[in-house]
Amino acid sequence: MPPATLEVSDTVVQCLVRDQRPGLGDRPLARVANGWDNATFRLGDDLAVRLPRRAEAVPLILHEQQYLPDIARRSPVAVPVPVHTGRPTSDFPWPWSIVRWVPGAAAADVRPADRGPAAEGLADFLLSLHVPAENGVPVNPFRGVPLADRDAAVLERLGDRERYSQAAALGAVWAQACAAKAWAGPAMMLHGDLHPGNILLADDGSLAGVIDFGDVGAGDPAVDLAVGWLMFDAGARRRFTDAFGPAVDGDTWMRARGWALVLSTAMVSNSDDNPRMFAVGEFGVRQVLAG
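The structure presented is a predicted model; accordingly, all values stated were derived computationally and were not measured. Sequence order as written defines the numbering, with residues in each chain counted from 1. Per-residue local features of the predicted model are confined to residues with pLDDT of at least 70, and side-chain atom pairs are confined, for both listing and counting, to 80 or more; whole-chain, interface and lining totals are unaffected and use all residues. Hydrogens and water are ignored here; the side-chain numbers use all heavy atoms of the structure.

**Student:** Would you mind going over the sheet that holds strand 1 (residues 29-34) with me for this structure?
**Tutor:** Sheets are built from strands that pair by backbone hydrogen bonding, the pairs being arranged parallel or antiparallel. Two strands qualify as a pair provided that DSSP identifies no fewer than 2 bridges between them. Helix numbering and strand numbering both begin at the N terminus, where a helix is a DSSP run of H or I of at least 4 residues and a strand a DSSP run of E of at least 2. Strand order across the open sheet formed by five strands is 1-2-3-5-4, with antiparallel pairing between neighbours. The open sheet has two free edges, formed respectively by strand 1 and strand 4 (82-86), since each of these has just one partner strand. Neighbour-to-neighbour, the strand axes of this sheet turn through a mean angle of 20 degrees, independent of strand direction. Strand direction decides the pairing type here: strand 3 (residues 47-52) and strand 5 (residues 96-100), joined by four bridges, are antiparallel. Only the stretch in contact is used when a helix axis is fitted, and all axes are lines through C-alpha atoms; the angle between N-to-C directions ranges over 0 to 180 degrees.

Dropping the structure here:
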């Protein structure tokens, strides 16, 4: 995990909240996540504070603040819509957010066999999300772009035969995905980082919410559809894909499988210090090979 440019303490966060939202200043505060880009603190029962921990993440917070309200209006499930856009101060020099807390268990912490009830709900969420993007929505150079743009990175990873004993089979999948027709439609709104760590499940396994929209942007929706391989086994994945009906064509599903390979190998190759995400990547690689 990349080192923080700025470590955020509980005291600083408490001061930010008390100064800018004094009505919330007496709520209990607890750190709940320290990700690659952001630190997240739970604020009482129904809110969270989200702050960049690296300078590179500052635009991501701004993108969430700008685009999440509209996404929330369309979404059939809860998303962490901002309720306060925090201003920089002398103690914390970047923008930050107070967002709605989205309850649920991260799918990454649930057995893959128990994730199946979320298949149709996740498809409904993506159908609501994937609308043509307005002018000015950012394009992430690593997500939602043509698969050919990721070719060098994927082939470099597959060259590590100690990690990828089935590199030849994975290379064949990759070649097939790259041969699919490119996305010819308008750039669509994307989550950009949709994997089991950012998907929340209710007690019955159904979809409860989707979080971490820092990579929200515009491009080929196949990058989000890759979650079918990162999230589900073969039976649940068939239900997930069937739920889209004619809205998604065969070439898009081929590219989605390619994106699943991109994202899974990224996790396997770069998560030696994060067993949780390494496990997500390993599962994704197995599902990509399964078809």
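Now, onward.
**Student:** Just to check I follow, could you spell out the packing of helix 3 (residues 119-129) against helix 8 (residues 234-242) for this structure?
**Tutor:** The axes of two packed helices give the description: the angle between them and the distance between them. Two elements in contact, helix 3 and helix 8, have axes whose closest approach is 8 Å; the angle formed by their N-to-C orientations is 35 degrees. By crossing handedness, the relation of helix 3 to helix 8 is classed as right-handed. Residue-level contacts link Ala 119, Glu 120, Leu 122, Ala 123 and Leu 126 of helix 3 to Ala 236, Arg 239 and Phe 240 of helix 8. Each residue gets one of three labels, nonpolar for Ala, Val, Leu, Ile, Met, Phe, Trp, Tyr, Cys and Pro, charged for Asp, Glu, Lys and Arg, and polar for the others, Gly among them. Grouping the constituent residues of the contact of helix 3 with helix 8 by class yields six nonpolar, no polar and two charged. Crossing handedness follows the turn of the near helix against the far one: under a right angle anticlockwise gives a left-handed crossing, and clockwise gives a right-handed one. Any pair of residues with heavy atoms lying within 4.5 Å of one another is described as a contacting pair.

**Student:** What am I meant to see in the pairing of strand 5 here?
**Tutor:** Looking down a regular strand, the side chains alternate between one sheet face and the other. Only protein chains enter the accessibility calculation, which uses a 1.4 Å probe; a residue is then buried when its area is under 20% of its type maximum, exposed when over 50%, and partly exposed in between. Of all the five residues making up strand 5, four are buried; the element is thus mostly covered by neighbouring parts of the structure. By the bridge criterion, four bridges tie strand 4 to strand 5 in an arrangement that is antiparallel. From the neighbouring strand, His 84 faces strand 5, where its bridge partner is Ile 98.

**Student:** It is not clear to me how the nonpolar core should be interpreted in this structure. Could you clarify?
**Tutor:** The nonpolar side chains of a soluble globular protein tend to be buried with one another. In this structure, Leu 122, Phe 125, Leu 126, Ile 199 and Phe 240 are the most contacted members of the largest nonpolar core, which totals 57 residues. Broken down by element, the residue count for this core peaks at eight residues, all from helix 9 (residues 250-270). When residues no more than four places from it in sequence are discounted, the contact partners of Leu 126 are Leu 194, Asp 224, Leu 225, Val 227, Phe 240 and Phe 244. We define the nonpolar core as a collection of buried residues of types Ala, Val, Leu, Ile, Met, Phe, Trp, Tyr and Cys that are connected through side-chain atoms lying within 4.5 Å of one another. With 17 residues, the next largest nonpolar core counts Val 8, Leu 16, Ala 39 and Leu 47 among its residues.

**Student:** I keep staring at the packing of helix 5 (residues 167-179) against helix 9 and nothing clicks. Help me out?
**Tutor:** Where helix 5 contacts helix 9, the two axes come as close as 8 Å, and the packing angle between them is 135 degrees. Between helix 5 and helix 9, the angle is such that the two are oblique. Where helix 5 crosses over helix 9, the handedness of that crossing is left-handed. Within the contact between the two elements, helix 5 uses Leu 170, Val 173, Trp 174, Gln 176 and Ala 177 and helix 9 uses Met 254, Arg 255, Arg 257, Gly 258, Leu 261 and Val 262. Of the residues belonging to the contact of helix 5 with helix 9, the class tally is seven nonpolar, two polar and two charged. Here roughly perpendicular refers to angles of 65 to 115 degrees, roughly parallel to angles under 35, roughly antiparallel to angles over 145, and oblique to all remaining angles.

**Student:** Looking at this model, I keep getting lost on the pairing of strand 9 (residues 207-210). Mind explaining?
**Tutor:** For strand 8 (residues 199-201) and strand 9, the ladder comprises three bridges, and the chain directions are antiparallel. Within strand 9, the residue paired with Leu 200 across the bridge is Gly 209. Adjacent in sequence and paired antiparallel, strand 8 and strand 9 are bridged by five residues, among which Gly 205 carries a positive phi angle near 90 degrees.

**Student:** Just checking my understanding: could you explain the side chain of Asn 38 for this structure?
**Tutor:** Looking at the secondary structure, you find Asn 38 in strand 2 (residues 38-43). Sequence-distant contacts of Asn 38, defined by excluding residues within four places in its chain, comprise Ala 33, Arg 50, Leu 51, Pro 52, Arg 53, Ala 57 and Ile 61.

**Student:** How do you make sense of the environment of Arg 18 when you look at a structure like this?
**Tutor:** The residue Arg 18 is located in helix 1 (residues 10-20) in this model. Overall, the relative accessible area of 45% leaves Arg 18 in the partly exposed class. In contact with Arg 18, not counting residues within four places along its chain, are Gly 25 and Asp 26. Polar side-chain contacts of Arg 18 include one of 3.1 Å to the backbone oxygen of Gly 25. Pairing of N or O atoms within 3.5 Å defines a polar contact, subject to two protein rules: one partner must be a possible hydrogen donor and the other a possible acceptor, and residues neighboring in sequence count only if both atoms are side-chain atoms.

**Student:** Is there a simple way to think about the sheet that holds strand 6 (residues 105-106) in this case?
**Tutor:** Strand order in the open sheet formed by three strands is 6-8-9, and the pairing between neighbours is antiparallel. Edge strands, defined here as strands with exactly one partner in the open sheet, are strand 6 and strand 9. In this sheet, strand 8 lies alongside strand 6 in antiparallel orientation, the contact comprising two bridges. The residue of strand 8 that forms the bridge with Ala 105 is Leu 201.

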